Amino acid sequence: MPNKEPGLATRCVHAGEMQDPHGSPHTPLYQTTTFKFASSADLLDVVEGRKPGSLYTRYGLNPTIRALEEKLAALEGAEAAWVFCSGMAAEAALFFAHGRKGIVCIGDAYGGTLELLSSQLNDLNIPAYFLLGSELEGLKAYLELGASLVFFETPTNPTLEVLDIARISGIAHEYGALVAVDNTFASPVNQPPLALGADFAVHSATKYLGGHSDITAGALMGSAHLLATVWNWRKNLGSMIAPETASLLMRSLRTLTVRVERQNATALAVAQSMQRHPGVARVLYPGLPDFPGHATAKAQMSGFGGVLTLEVKGGYEDAVRMVDRLKLFAIAPSLGGVESLVTMPVTTTHHGLSAEERARRGISDSMVRLSVGLEDAADLIEDLEQALGGIPG
Ligand SMILES: *Cc1c(COP(=O)(O)O)cnc(C)c1O
């Protein structure tokens, strides 16, 4: 490989891959729970950290898992990465390791994250504070109370609000707090949270990194020093990825740039076409020049992602009718796969919130969230147009 840092697509294919003695071009699957040693002294060298080596899969000391972590670290430009059995497992280990003095969650977040912060961690007396993206002036007060971790997604679900990673990181660091960005929606192809000043990038690898709606996994990237504190939480909460899943995730990552770049292009084409449709009141997509977060998105993202949200004209009933008529878009939660999916926030991700709370967050009853897959853009647009047919313009 060339001396300078290889580009992202090259890293997707080659970073972390081990040299296999049999000549396999990619890392083999070590479907093994434990590893044997020639002597007790050799075993102790690994247990006591004097030598690197494979030991026990739940610890992550398995060659397939380590290779995956090296690839993931390279993709986020991080010193280190840990993988987990789900995105929630990654977040939980991060919160336990670095958020025990208090966590500030900014903007909308994944339902599981909000529940973990407001219910389970609250039961353990770990304070969680919530701010809308428009309430950033309130951040300092929570940092003064001693919050040790600031957490947010960008773009957020489902309104695609764009939060300024460099600005929020600057404020948090003034108070000695750490910053974690959930980079699931953007993926490392579109946004580099660590280069923008965040301390951690966290992923539901179930989405774009896995990319085929067939594996559940998570990842956390950051400095080796900060990740070291997370190690025992992952190990003893038992939230390790299975080697088979690690191998599948590694296979997916080799095509990450190709998939995400196509999804960026298709989502933009769909967004532009829907903006012109008389049955659509509003299109929320960071790549549209008149979208409120567009300037910040342009500054910190190199592509705008594969998720967009439509506000259908009329109300809830009209949106449901449109969703139920779609043929190519499947009605299913989740995103980032090769197949296009559709959900309504009011019936899925934000179902548990009161109508007032949804309104405060800018979520309406006629919102439809689309995750575009790898089908032809023209076919997806045609499907949306036939489904919107009959909605009064
Ligand atoms: C899906 C998702 C999660 C949770 O990930 P799992 O892999 O389902 O545990 C966290 N954050 C975001 C933004 C997500 O979309």
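Reading the values: rules and limits
- Residues numbered from 1 in each chain as written.
- Predicted model: local features only at pLDDT ≥ 70, side-chain atom pairs only at ≥ 80, totals over all residues.
- Heavy atoms only, no water.
- Helix = DSSP H or I, 4+ residues; strand = E, 2+ residues; numbered from the N terminus.
- Polar contact = N/O pair within 3.5 Å; in protein donor to acceptor, adjacent residues only side chain to side chain.
- Contact = heavy atoms within 4.5 Å.
- Salt bridge = Lys/Arg side-chain N within 4 Å of Asp/Glu carboxyl O.
- Buried < 20%, exposed > 50% of the residue type's maximum accessible area, 1.4 Å probe, protein only.
- Pairing = 2+ DSSP bridges.
- Right-handed = clockwise from strand over helix to strand, strands pointing away.
- Expected span 1.5 Å × (residues − 1).
- Near = heavy atom within 4 Å.
- Areas by Shrake-Rupley, 256 points an atom, 1.4 Å probe, with all protein chains shown as cover.
- Domains from an automatic or database assignment.
- Buried area = accessible area lost by both parts, 1.4 Å probe.
- Phe/Tyr/Trp six-rings, centres within 6.5 Å; stacked < 30°, edge-to-face > 60°.
- Lys NZ or Arg CZ within 6 Å of the ring centre and 35° of its normal.

Give a description of the side chain of Asn-183 that names residues and reports values.
Among the secondary structure elements, Asn-183 is positioned in the loop between β5 (178-182) and α8 (187-190). Side chain to side chain, Asn-183 and Glu-76 meet in a polar contact 2.9 Å long. Leave out the neighbours within four places in its chain, and Asn-183 touches Glu-76, Pro-188, Gln-191, Pro-193, Val-202 and His-203.

Could you give an account of the pattern of salt bridges, naming the residues involved and the relevant values?
Side-chain pairs of opposite charge can arise whenever the charged atoms involved come near each other. Under the counting rule described, the total for this entry stands at 14 salt bridges. Asp-45 is paired through a salt bridge with Arg-50; the nearest N and O atoms lie 2.9 Å apart. On the accessibility criterion, Asp-45 (14% relative accessible area) is buried. Using a relative accessible area of 52% as the deciding quantity, one classes Arg-50 as exposed. Residues Arg-360 and Glu-135 are paired through a salt bridge, measuring 3.4 Å at the closest nitrogen-oxygen approach. Placement of Arg-360 in helix α14 (residues 355-360) and of Glu-135 in the loop between β3 (128-131) and α6 (139-144) is noted, with a sequence separation of 225 residues between them. You can call Arg-360 partly exposed: its relative accessible area is 46%. Through salt bridges with shared partners, a single network forms among Asp-108, Glu-135, Glu-357, Arg-360 and Arg-361.

Could you give an account of the pairing of strand β4 (residues 149-153), naming the residues involved and the relevant values?
When you tally the buried positions in β4, you get five out of five residues, the bulk of the element. Alternating residues of β4 divide into Leu-149, Phe-151 and Glu-153 and Val-150 and Phe-152, and every residue in both groups is buried. Both strand β2 (residues 103-106) and β4 contribute to a ladder of four bridges, which runs parallel. Bridging across to β4, Val-104 finds its partner in Val-150. In the sheet, β4 pairs with β5 via five bridges, with the strands oriented parallel. Paired with Phe-151 across the bridge in β5 is Ala-180. Crossover β4 to β5 through helix α7 (residues 165-174) is right-handed.

Could you give me a rundown of helix α3 (residues 63-75), with the residues and numbers involved?
The terminal C-alpha atoms of α3 lie 18 Å apart, and with 13 residues this matches the ideal 18 Å at 1.5 Å per residue to within 8%. With ten of 13 residues buried, α3 is to be regarded as a mostly interior element. The complete set of buried residues in α3 reads Pro-63, Thr-64, Ile-65, Ala-67, Leu-68, Glu-69, Lys-71, Leu-72, Ala-73 and Leu-75. Between the side-chain oxygen of the N-cap and the backbone nitrogen of Thr-64 there are 2.9 Å, and the N-cap of α3 in question is Asn-62. Of the residues trailing α3, Gly-77 is marked for its positive phi of about 60°.

Outline the site of the ligand, supporting the account with residue identities and numerical values.
Taken together, 13 residues are adjacent to the ligand, and Met-88, Asp-182, Ser-204, Thr-206 and Lys-207 come closest. Residue Asp-182 places a side-chain N or O atom 2.7 Å away from a nitrogen atom belonging to the ligand. Within the contact set of the ligand, an oxygen atom lies 2.6 Å away from a side-chain nitrogen or oxygen of Thr-206. Notes on the ligand: free accessible area 390 Å², of which the protein chains cover 92%. If one sorts the elements of the shell around the ligand by residue count, helix α4 (residues 87-98) sits on top with three residues.

With reference to specific residues and values, describe the domain arrangement of the protein.
Along its sequence, the protein is organised into domain 1 (8-30 + 62-253) and domain 2 (258-388). Each of domain 1 and domain 2 was reduced to a C-alpha centroid, and the two centroids are 24 Å apart. Listed by partner, the interface residues are 32 residues for domain 1 and 37 residues for domain 2. Summing both partners gives a buried area of about 2700 Å² for domain 1 against domain 2, and 56% of it is carried by carbon and sulfur.

Go over the sheet that holds strand β11 (residues 341-343), please, and point to the residues and values.
Here we have five strands laid out as an open sheet, ordered β8-β9-β12-β11-β10, and mixed in their pairing. The open sheet has two edge strands with one neighbour each: β8 (280-284) and β10 (330-331). Bridging between β10 and β11 involves two bridges; their strand directions are parallel. Residue pairing for β11: Ile-331 is matched across the bridge by Val-342.

With reference to specific residues and values, describe the packing of aromatic side chains.
Throughout the structure, instances matching the rule amount to five aromatic pairs. Note on Phe-95 and Phe-151: the rings are 5.3 Å apart at their centroids and 85° apart in plane angle, and the pair reads as edge-to-face. Of this pair, Phe-95 sits in helix α4 while Phe-151 sits in strand β4, and the two are 56 residues apart along the sequence. A relative accessible area of 0% places Phe-95 in the buried class. With a centroid separation of 4.9 Å and 10° between ring planes, the pair formed by Phe-96 and Trp-233 is classed as stacked. With Phe-96 in helix α4 and Trp-233 in helix α9 (residues 224-237), this pair connects stretches of sequence that are 137 residues apart. Accessibility expressed as a relative area gives 15% for Phe-96, which makes it buried. A cation over a ring is seen here: Arg-234 above Phe-84, with NZ or CZ 5.8 Å from the ring centre. Over the ring of Tyr-59 we find Lys-235, and its NZ or CZ is 5.1 Å from the ring centre.

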